[in-house]
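Descriptive analysis of the structure
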Amino acid sequence: MSFILKTIVILISICSIASLPYLVGSFNAAGDSFGVYPIEYIKEIGTTLIGLFNFYILEETTFDGVQINFDYLLEAYQYSMSLLMIALFISFTAVLVMLYGYHFLSGRMKKAVNWLLVLLDCIPDVLLIVLFQLGVIYLYQTTGFKLFQLYGIGDPVYLLPIICLSLTPTILLLKMSLTIKDEESEKLYVDFAYAKGVTRSNVFLVHMLRNMMLSITNHFSLIYWMMLSSLIIIEYLFVIQGFTLILYKVNESTLLAVAILLFLIPYLIMNWLFNKLHRRLVIDEG
Amino acid sequence: MRVKSYILILIPVSLLLLVAASFIYEWGFDENTEVASYQTNDTGEILTHPYPPSFDHPLGTDRKGQDLLLRILNGAKYTILFVLSVGLVRILVGMLLGALLTFMPKRIKDFVQLFLTPYVNVPAFILVYFLAYIFFAVPTDDGGLQLIFIQFVILTFVGVPSLVLLFSNEFQDGLKHEYIQASYQLGASKKHIVIRHLLPVLRNRFTIVFLQQIIASLILLIHLGVFRIYIGGQAEGSVSIDEEILLSKSGEWAGMIGQSVFDIVTAPWIVLAPGMAFVLLIVMLNTMIRLIRV
């Protein structure tokens, strides 16, 4: 299929997601009713698709007394995405640092770390966030040390939401990276490098890291979408006037379709970037 | 080897016992348990609810003075049965549609795969989040049965697209075996191939996916619980009139977490007790996955 055809199919698919409320319910002045409404659903998909092309001149809708126009959306989007991107960057860096530390652990310690991660992975992200908040409050109560500003009323807060947002991806990414690292350590070139007298640190930094980078970044797309659902929770818990909170209880298909498209943009950029990186790192060396 | 199969039997049996105990509790003992009476502390002051964990109440009490351990026991059946059936229906529908998709002409297959890409990538929670409007609009005059049904259908079908693609790929790989080619040549039908040759080979894989789906729907329930979307709808549950707290009507665990997430500062045990139950359940399911996989 050609590129244009593919784009059209994807666009229709996105519109069909955004129109889903119309499949299960019909909302009009006469009252709401629920069931399956395929014809109205298909009509709504068409309307959404057309609405997508002139979204920027869309009449302003209000939500919770806040006027939503294009500028407002863009501002909220920037804030939410900067939270997400910084969190992703932090967790990636943290994983790399921890991976470097893991490289020097003894076999027994490595096993222990793996078990700990399996257990941590069982804790849902909501609980992790709640536990972290509890920890911060406990720290404040016992030592009087105020680490963060907790809730986002007034000025935009960055630090605490970002840390909370990066908790789950760090655990997941670290768990995946450790498997990749353990597989990489088995390979012959690693033994060869040790035999030639390359230091332990250099084997990791110069040789292994480069080979592992691709496999690790492969998981980014999964982690990006997972973080997006955490972001929704965090914006709600920290009372942040962000992008995802606007979408809550919204019954406006075009807005939802635009939201999904906006979610896709960072994902596509990331994919493109890692593809480039991969070519430079692996293929060009040949 | 022996230990492994014991554990694999032990975990489902203990979950079954928990559900049974939960039913017995509701039918037999629920009326007999009273709201915890007032307690006094060392200096004789009267304490108000919620009580922290103590000898009488191992996990503490909630704001209404109900024992949290008993509430968790009561909610166990709704939580476990709901996610179990969501996982089961997801798997069955996914398997059926996946098998259908496998035998479609290549052009249709490519189209369906492309069309479903956004559905697969966008997390189930975001799909349900977009439908949040509906959950609040459904009337609950009939005891919430209609709401539960709609929630069940929606929560099930948001998980289906990714399973359809997954299973269709699994079937595709399975079809490459030589004995299947031989079976074809002997005149076997597609239905025979799927039921007799593909499903038995993929049985372990399906069990793992089923367990993963249960975990995924548990986490989805917690996310929804934070947004006050409870299975079975909301019920007025505030102690005093001036504060508005909406409780989960059925009392499933995710609702227990969701409704008290903002209590974490004043009474952390109200959140942590059902949270612990959740983590334990997920640990059990993950253990099963690990044991089956090895």
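Each chain carries its own residue numbering, running from 1 in the direction its sequence is written. Chain letters and ligand numbers both follow the written order, the letters beginning at A and the numbers at 1. Given that the model is predicted, a residue must reach a pLDDT of at least 70 before its local features are reported, and side-chain atom pairs must reach 80 or more before they are shown or counted; all residues, however, enter totals for whole chains, interfaces and linings. To get the side-chain values, take all heavy atoms of the structure and skip hydrogens and water.

Named according to an unreviewed UniProt entry, chain B is ABC transmembrane type-1 domain-containing protein originating from Jeotgalibacillus alimentarius. UniProt positions are given in the numbering used here, feature names are shortened, and annotations may be inferred rather than shown by experiment. According to UniProt, the comment filed for chain B under the heading Sequence similarities (unreviewed entry) is "Belongs to the binding-protein-dependent transport system permease family."

In the annotation of an unreviewed UniProt entry, chain A is listed under the name ABC transmembrane type-1 domain-containing protein and assigned to Jeotgalibacillus alimentarius. Looking at the Subcellular location (unreviewed entry) heading of the UniProt record, one finds this comment for chain A: "Cell membrane".

**Here's the deal with the overall build of chain A**
A helix here means a DSSP run of H or I that spans at least four residues, while a strand means a run of E at least two residues long, and both kinds are numbered starting from the N terminus. For chain A, the helix and strand inventory stands at 12 helices and four strands. Whether two residues are in contact is decided by their heavy atoms, any of which lying within 4.5 Å being enough. A fraction of 72% describes how many contacts in chain A between residues 6 or more apart in sequence connect residues 24 or more apart. For every accessible area listed, the method is Shrake-Rupley and the probe measures 1.4 Å; residues are considered covered only by the protein chains on display. Accessible surface for chain A amounts to roughly 15,000 Å². Of this, 66% is attributable to carbon and sulfur atoms.

**Quick look at the UniProt feature "transmembrane region" (unreviewed entry) in chain B**
All names here are of chain B. Under the UniProt annotation, "transmembrane region" (unreviewed entry) lies at residues 7-25, 78-103, 115-136, 148-167, 206-231 and 269-289. From the first C-alpha to the last, residues 7-25 spans 26 Å; its make-up is 100% helix and 0% strand. Secondary structure content for residues 115-136 is 86% helix and 0% strand, and the end C-alpha separation is 29 Å.

**Here we look at the packing of aromatic side chains**
In this analysis, rings of Phe, Tyr and Trp, with Trp reduced to its six-membered ring, are considered paired at centre separations within 6.5 Å, and the interplanar angle assigns stacked below 30 degrees, edge-to-face beyond 60, and tilted for intermediate values. Considering all chains together, one arrives at 20 aromatic pairs over all chains under this definition. When the ring of Y129 of chain B is compared with that of F227 of chain B, the centres are 5.3 Å apart and the planes differ by 75°; the resulting orientation is edge-to-face. In this pair, Y129 of chain B is assigned in helix α4 (residues 124-130) and F227 of chain B in the loop between α10 (203-226) and β3 (234-236), connecting sequence segments 98 residues apart. Feature note: the residues Y236 of chain A together with F125, Y129, F130 and F227 of chain B constitute an aromatic cluster, connected by ring pairs. Above the ring of F23 of chain B, the side-chain terminus of K77 of chain B is found at 5.5 Å from the ring centroid. A cation over an aromatic ring shows up here: R290 of chain B above the ring of W115 of chain A, its NZ or CZ 5.3 Å from the ring centre. Two thresholds decide whether a charge sits over a ring: the Lys NZ or Arg CZ must be within 6 Å of the ring centre and within 35 degrees of the ring normal.

**Description of the packing of α10 of chain B against helix α12 (residues 268-293) of chain B**
Residues and elements named next belong to chain B. Between α10 and α12, the least distance of the axes is 10 Å, while the angle of their chain directions is 165°. Comparing their axes, α12 and α10 come out roughly antiparallel. The element α10 and its partner α12 pack so that their crossing is left-handed. Listed contacts from α12 to N204, T207, I208, L211, Q212, I214, I215, L218, I219 and I222 of α10 are F278, L281, I282, L285, N286, M288, I289, I292 and R293. Residues are grouped as follows: Ala, Val, Leu, Ile, Met, Phe, Trp, Tyr, Cys and Pro are nonpolar; Asp, Glu, Lys and Arg are charged; all remaining types, including Gly, are polar. Residues that form the contact of α10 with α12 fall into these classes: 14 nonpolar, four polar and one charged. Between N-to-C directions, angles cover 0 to 180 degrees, with each direction set by a line fitted to C-alpha atoms, over the stretch in contact for helices. Any angle that falls under 35 degrees is termed roughly parallel, while one over 145 is termed roughly antiparallel, one within 65 to 115 roughly perpendicular, and all others oblique. It is the rotation of the near helix from the far one that decides the hand of a crossing: anticlockwise by less than a right angle makes it left-handed, clockwise makes it right-handed.

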